[in-house]
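Overview (structure and organization)
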Amino acid sequence: MKLWELTAHQLAAAICRGETSAAEATEAYLERIQAVEGQIEAYLTITADLAREQARQVDARLSRGEQVGPLAGVPMALKDILCTEGVRTTAASRMLENFVPPYDATATARLRASGAVLLGKTNLDEFAMGSSVENSAYKQTYNPWDTSRVPGGSSGGSAAAVAAGEAAFSLGTETGGSIRHPASFCGIVGLKPTYGLVSRYGLVHFASSLDQIGPMTRDVRDCALVLQAIAGHDPLDSTTYQGQLPDYLAGLEEGVEGLRLGVAREYFGEGLDPRVGEAVRRAIGDLERQGAVVEEVSLPHSPYALAVYYTINPSEASSNLARYDGIGYGHRTAEATDLEELYRRSRSEGFGDEVIRRIMIGTYALSSGYYDAYYLKAQKVRTLIKRDFDQAFSQYDAIIGPVTPTVAFRVGEMEDPLAMYLSDIYLAPVNLAGIPAVSVPCGFVDGLPVGLQIIGPALSEARLLRIARAYERSHDYVRLPQLEVKDNG
Amino acid sequence: MKLSKEEIEHLAWLARLELNEEQAGRLAGQISRILDYVEQMNQLDTSDVPPTFHTLPELSNVFRDDIPDRSLSREKALQSAPARHQGYILVPKVRGGEPQ
């Protein structure tokens, strides 16, 4: 077995025991990137020198017998929307083409402190707006299972990097499904934590009442390990949860015996590819055989979730992205004679189509005379969606269903922005309610991965991971797609 | 809801964006369709429903003591500004059309 084929927890253990070194692991990943990145295009920036230096430091500490973190020497990739001190952070936008953050995001800093090694920054839809990475201002990332297809999005570079063996794990971010969607399309594990569990400090803001950072990993244990490293209160983000957190690894193998699972009826309606539905139902049947109590549950307001989401999301985005004015940082136009012109030209040159579309919709929804009809109305329907979940969780430990209505689609196939929005249909309700959900691989349709979604009440991550693990350990799916390797020698 | 070209231009001005003719036309159609879609929210009666602006109810105002903490140096804070001069950010004239 090659080093890049190991999961993060296997690799960390091997480094700790001295069976391999952080330097060897890092070189193995850099070689793997060299061999397959031409087909995948997962990265916007590769930080080979920094990775080698960080690996050298881990090995030096180990050789001195010092204590190291739980991810010591494990090579990772970060979505290029998380600030990395001294490493360019673009949000896949021309607006931030030359932006080098003067500080680390809290999640970045915590992973550095855990000993993880940064291989580079991964591609995404511009400012995380999209479901296919087709909105990146720089390039298209391809699905490692079929390189004519999208990896999903917006954290598509992260998902593709993990699936292609170009990183042991990654962090993605969600506003309305952007971790779970590409995790499902690329056949990896992706967790969207409870709103407030992971600090958003140093995450390029998109829609502040929805944004959350989460792990994207090869297996469920890795997911727990990475969550453990990044979760918890941060004085730099006043919306972070202040209470005690459980050990996410402790109960992982406890199984699902006696747990009550509700199958979301509305997630199996029109629009779902029947073969995806079948794969998900097989997975649910499997959990039932393992002792879970499975019943159908209704979330009656979920058909309205996308309408609510595509009101709140652009509204908050239009407000947040007002900061890009060409003054303090980011793109500044070469030709402006006064300040107003400088704002307008810099913004129009720096932002791509989807970003401009959302800023325009949000500006409309928040403008005088329309606020009550759009933004306030959406926040009220959001309450109804949240109540659906509260009601369901009074009877069930978790809700299960598909992640996306289809498997990965082809690059260029979804031309209509509204059609693209509809692929978030089983995802957005979770973000609106602020609750956690995990996507775990549950089979294939036409050789493309399908994801099983497990949704829980606020702060139930440990339970969700335990259910995901119960499913995962009963199946031995192929984890890594076969890629043609370019021989550089 | 069909947005006119004038409404699109007004929105672009509010958002400090500059759109060309072709962009404005395309956006008018796309935004109108998206607004039509989101208006299905109006099928629901929400007269007795409070809004959920954020999802952690126990977190309303978060206070802390006003104690100075570490902060970025001036040099670091300004390192990403597109135009600088002696520790300040350069901008064009705020009023008037003359180039600086």
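Residues numbered from 1 in each chain as written. Chains lettered and ligands numbered in written order. Predicted model: local features only at pLDDT ≥ 70, side-chain atom pairs only at ≥ 80, totals over all residues.

Helix and strand counts for chain B stand at 3 helices and 2 strands. Taken over the C-alpha trace, chain B has a radius of gyration of 23 Å; the compact-globule value for 100 residues is 13 Å, which it surpasses by more than 25%. Overall, chain B is about 55 × 50 × 20 Å in size when its C-alpha atoms are taken along their principal axes. Relative to its full complement of 100 residues, chain B shows a buried share of 15%. (Helix = DSSP H or I, 4+ residues; strand = E, 2+ residues; numbered from the N terminus. Rg over C-alpha atoms; globule rule 2.2 N^0.38 Å. Buried ≥ 20, exposed ≤ 12 C-beta atoms within 10 Å, placed from the backbone.)

A few words on the pairing of strand S8 (residues 293-297) of chain A. Residue and element names in this part refer to chain A. Here strand S7 (residues 260-264) pairs with S8 via 5 bridges, running parallel. Bridge assignment links Gly 262 to a residue of S8, and that residue is Glu 295. Note that the unit made of S7, helix H8 (residues 274-289) and S8 has a crossover that is right-handed. (Pairing = 2+ DSSP bridges. Right-handed = clockwise from strand over helix to strand, strands pointing away.)

Our next topic: the nonpolar core. Judged by nonpolar contacts, the single largest core of 177 residues is most densely connected at A:Met76, A:Val308, A:Met360, A:Ile454, A:Leu465 and A:Ala468. Aside from chain neighbours lying at most four places away, what touches A:Val308 is A:Ala378, A:Val381, A:Arg382, A:Ile385, A:Leu432 and B:Met41. (Core = buried A, V, L, I, M, F, W, Y, C linked by C-beta atoms within 7 Å. Contact = placed C-beta atoms within 7 Å.)

Before going further, it helps to examine unusual backbone geometry. All names here are of chain A. Backbone torsion omega between Gly 153 and Ser 154 reads 10°, so that peptide bond is classified as cis. Topologically, Ser 154 is positioned in the loop between strand S3 (117-122) and helix H5 (156-163). Positive phi, normally seen in glycine, also occurs at Ala 91, with a value near 55°. Within the secondary structure, Ala 91 is located in the loop between strand S2 (75-79) and helix H4 (106-113). For Ala 128, which is not glycine, the phi torsion reads 70° and is therefore positive. One can find Ala 128 in the loop between S3 and H5.

Coordinates in, geometry out; function isn't part of it.
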